[in-house]
Amino acid sequence: MMQKGQDLELPYLEMETDDFAADPIPHFERARAQHPWLARWVLGYVVTDYKAMRELFAREGEMGQLYNQIVEIMDAEGTRWGDFQKRHMLNQMGPAHKRYRDMLQASFTPRRMNELRPLMQRTMTELLDEWAPRGSFDFEEFASYYPISVMCRMIGASPSVVPGLRSAMEAIGLSTSMDKRWLPAMQKGVEQMEQFVIDLVAQRRASPHESQEDLLDMLIAIRDRDELTDLELHELLIFLFVAGYDTSKNMTTLIMNLLIPRPEIYERVARDFDYTKRVVEEALRYHSTTSTQRVLLEDMEYQGVVLEKGSIVWFPMSIAVHDDRYVSDPDRFDPDRKAETKHIAFGLGPHICLGQYLAQALIQEGLHLIAQRLVNPRTTGARGWRPFPGAWGIRGLPVEFDPVAVAA
């Protein structure tokens, strides 16, 4: 017998609260004990089961993106931030989304990311040369400089711009938290990023590269063939900077938080790069950063439940495989774990993260060098937490350590 989701007594998840963000896993465990795959919160349904996430995403044609509704919920119609949310790559579906993805695909392949590993190593080494002698710092702040510095070099901008861009990207990264308190900062962030990319394109046109092209050269060439407008070019550049910032920075910080109380794993990360790769994969399984969301374009039936047209449905992929139905002893962090259920930390379907290979390579190379240079790390104060919906992670991770001048 079919039942409408609105008629079910579903568990309720307070995903917007600080308590939830600090430790989401027990909340999901309790929800699954009450209903095997579905819960609700203040802004719609929450799919809590890994298999249900995969099977529902196989029907993504029945769902649309939520960014238009986010703008409405935030009372941001007509603002620069609101317009950017409606037009950026993630809010596009079907041919419009494929158009952007086809432009960028060749720049984010596994082969291309492997070619960029020396650049990642050089970037992290420079950061460690600057920060490690301090003996203590906020690890989340330190980690924030790494992915954006690499992206600057991929696009051909000087990493010297990073300190001025951090606050803008921090603000824009809160977009899917749907908290109106952050709207002024998000608005200012988009305006600041827009001026930066306009100036960046103008500078490149004034002083073009004569030989080897980078990602910015490629995008300008696409613009010159009239396959992009100036506005599309500028907003695509903003998207590329922002999309890789919060997720990679937050994931690196989450992994450091996992490794500090596990010194035997941390020490092996310093010695063994192949083991570092396994640590990153296990961390993506254990808990990653991203929850995604969709709005239903029509009634959707699944396992005898009808979710109503127009409903917002959340998919917390960050914790999908932290579930003893799919992996043994899920609370145990074990990089030597035998292959079980594959994580979905980078999403599913046509919108699976374009930068997943970049993120994996960044974190692998960064952690391996961090563990060599920041020896015996320990926390020195309370950590804060970012809102769970959207790009979840730690807000502030104060650490001290024994600095080593040169990596092994």
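No experiment lies behind these values; they were computed from the predicted model shown.

Rules of the game
- Residues numbered from 1 in each chain as written.
- Predicted model: local features only at pLDDT ≥ 70, side-chain atom pairs only at ≥ 80, totals over all residues.
- Heavy atoms only, no water.
- Helix = DSSP H or I, 4+ residues; strand = E, 2+ residues; numbered from the N terminus.
- Rg over C-alpha atoms; globule rule 2.2 N^0.38 Å.
- Buried < 20%, exposed > 50% of the residue type's maximum accessible area, 1.4 Å probe, protein only.
- Contact = heavy atoms within 4.5 Å.
- Areas by Shrake-Rupley, 256 points an atom, 1.4 Å probe, with all protein chains shown as cover.
- Lys, Arg positive; Asp, Glu negative; His and termini not counted.
- Charge placed at Lys NZ, Arg CZ, Asp CG, Glu CD.
- Pairing = 2+ DSSP bridges.
- Phe/Tyr/Trp six-rings, centres within 6.5 Å; stacked < 30°, edge-to-face > 60°.
- Lys NZ or Arg CZ within 6 Å of the ring centre and 35° of its normal.
- Expected span 1.5 Å × (residues − 1).
- Axes fitted to C-alpha atoms, helices over the stretch in contact; angles between N-to-C directions.
- Core = buried A, V, L, I, M, F, W, Y, C linked by side-chain atoms within 4.5 Å.
- Patch = residues over 30% accessible without salt bridge, like charges linked within 9 Å, V, L, I, M, F, W, Y side chains within 5 Å.
- Salt bridge = Lys/Arg side-chain N within 4 Å of Asp/Glu carboxyl O.
- Polar contact = N/O pair within 3.5 Å; in protein donor to acceptor, adjacent residues only side chain to side chain.
- pLDDT = per-residue confidence, 0-100.

1. Thoughts on the overall build of the protein
So, step 1. Broken down by element type, the protein carries 17 helices and 13 strands.
So, step 2. Taken over the C-alpha trace, the protein has a radius of gyration of 21 Å; the compact-globule value for 408 residues is 22 Å, and the two agree within 12%.
So, step 3. Each principal axis of the C-alpha atoms in the protein carries an extent, and together these give about 65 × 55 × 40 Å.
So, step 4. Looking at the protein residue by residue over its 408 residues, the buried ones come to 57%.
So, step 5. Restricting the contact set of the protein to residue pairs at least 6 apart, pairs at least 24 apart contribute 72%.
So, step 6. Here the protein displays about 17,100 Å² of accessible surface, and carbon together with sulfur accounts for 51% of that area.
So, step 7. The positive charge centre, built from 46 side chains, and the negative charge centre, built from 60, are 3 Å apart in the protein.

2. Quick notes on the sheet that holds strand S6 (residues 292-296)
So, step 1. Here we have five strands laid out as an open sheet, ordered S2-S3-S9-S6-S4, and mixed in their pairing. Each having just a single partner strand, strand S2 (38-41) and strand S4 (63-64) make up the two edges of the open sheet.
So, step 2. Here S4 runs beside S6; their pairing, made up of two bridges, is antiparallel. From the neighbouring strand, Gly64 faces S6, where its bridge partner is Val295.

3. Re the side chain of Ser107
So, step 1. Mapped onto the fold, Ser107 is located in the loop between helix H6 (94-104) and helix H7 (110-115).
So, step 2. Of the residues examined, Ser107 reaches a relative accessible area of 13% and is grouped as buried.
So, step 3. In this view, Ser107 contacts Arg112, Met113, Met154, Leu215 and Met218; residues no more than four positions away in its chain are not counted.

4. Structural notes on the packing of aromatic side chains
So, step 1. Per the counting criterion, the structure on display carries 17 aromatic pairs.
So, step 2. Ring centres of Trp131 and Phe142 lie 5.5 Å apart, and the angle between their planes is 65°; this geometry places the pair in the edge-to-face category. Taken together, the positions of Trp131 in helix H8 (residues 117-131) and Phe142 in helix H9 (residues 139-155) put the pair eleven residues apart, joining distant regions of the chain.
So, step 3. Given a relative accessible area of 1%, Phe142 falls into the buried group.
So, step 4. Ring centres of Phe196 and Phe241 lie 5.4 Å apart, and the angle between their planes is 75°; on these two criteria the pair is classed as edge-to-face. Here Phe241 lies in helix H13 (residues 230-243) and Phe196 lies in helix H11 (residues 183-206), a separation of 45 residues in the sequence.
So, step 5. A relative accessible area of 13% means that Phe196 is categorised as buried.
So, step 6. The exposure class of Phe241 is buried, given its relative accessible area of 1%.
So, step 7. Members of the aromatic cluster, joined through ring pairs, are Trp131, Phe137, Phe139, Phe142, Tyr145 and Phe401.
So, step 8. Here the basic side chain of Arg268 rests over the ring of Tyr275, its NZ or CZ set 3.8 Å away from the ring centre.

5. Overview of H13
Because each turn of an α-helix spans 3.6 residues, side chains separated by three or four positions end up pointing in the same direction.
So, step 1. Here H13 contains 14 residues, and its C-alpha end-to-end distance of 20 Å stays within 8% of the 20 Å for a straight helix at 1.5 Å per residue.
So, step 2. Where burial is concerned, most of H13 is hidden: ten out of the 14 residues are buried.
So, step 3. For H13, the full list of buried residues reads Leu233, His234, Glu235, Leu236, Leu237, Ile238, Phe239, Leu240, Phe241 and Val242.

6. Remarks on the sheet that holds strand S13 (residues 398-403)
So, step 1. Within the open sheet, the three strands sit side by side as S5-S13-S10. Their pairing is antiparallel. Single-partner strands in this sheet number two, and they are strand S5 (136-138) and strand S10 (374-379). Within the sheet, the average angular offset between the axes of one strand and its neighbour, ignoring direction, is 30°.
So, step 2. Bridging between S10 and S13 involves four bridges; their strand directions are antiparallel. Bridged to Thr379 within S13 is Val399.
So, step 3. Sheet strands touched by helix H17 (residues 356-373): S10 and S13. Its angle to S10, the strand with the most contacts, is close to 90°.

7. Examining the nonpolar core
So, step 1. With 117 residues, the main nonpolar core has Leu104, Phe139 and Leu219 as its most contacted residues.
So, step 2. The element best represented in this core is H9, accounting for eleven residues.
So, step 3. Here Leu219 is in contact with Leu104, Leu228, Leu233, Leu236, Leu237 and Leu240, once residues within four sequence places are set aside.
So, step 4. Listed in part, the 26 residues of the second largest apolar core include Trp37, Tyr50, Leu56 and Val305.

8. Observations concerning unusual backbone geometry
So, step 1. Within the chain, Asp75 stands out as a residue other than glycine whose phi angle is a positive 55°.
So, step 2. Inspection of the secondary structure assignment puts Asp75 in the loop between helix H4 (67-73) and helix H5 (80-87).

9. What to know about a negative patch on the surface
So, step 1. There is a patch of like negative charges on the surface, built from Glu14, Glu16, Asp18, Asp19, Asp23, Glu29, Asp324 and Asp331.
So, step 2. Note on placement: Asp23 falls in the loop between helix H1 (18-22) and helix H2 (24-34).

10. A look at the side chain of Gln65
So, step 1. On the secondary structure map, Gln65 appears in the loop between S4 and H4.
So, step 2. By relative accessible area, Gln65 is classed as buried at 9%.
So, step 3. At 3.1 Å, the side chain of Gln65 and the backbone oxygen of Leu90 are in polar contact.
So, step 4. A polar contact is formed between the side chain of Gln65 and the side chain of His351, at a distance of 3.3 Å.
So, step 5. Sequence-distant contacts of Gln65, that is, excluding residues within four places in its chain, are made with Leu90, Asn91, Gln92, Met93, Gln293, Arg294, Val295 and His351.

11. Thoughts on the confidence of the model for the protein
So, step 1. Per-residue confidence for the protein averages 92 on the pLDDT scale, and 99% of its residues sit at or above 70.
So, step 2. Put simply, helix H10 (residues 162-172) is where the protein has its lowest mean pLDDT, 83, and helix H15 (residues 263-271) is where it has its highest, 98.

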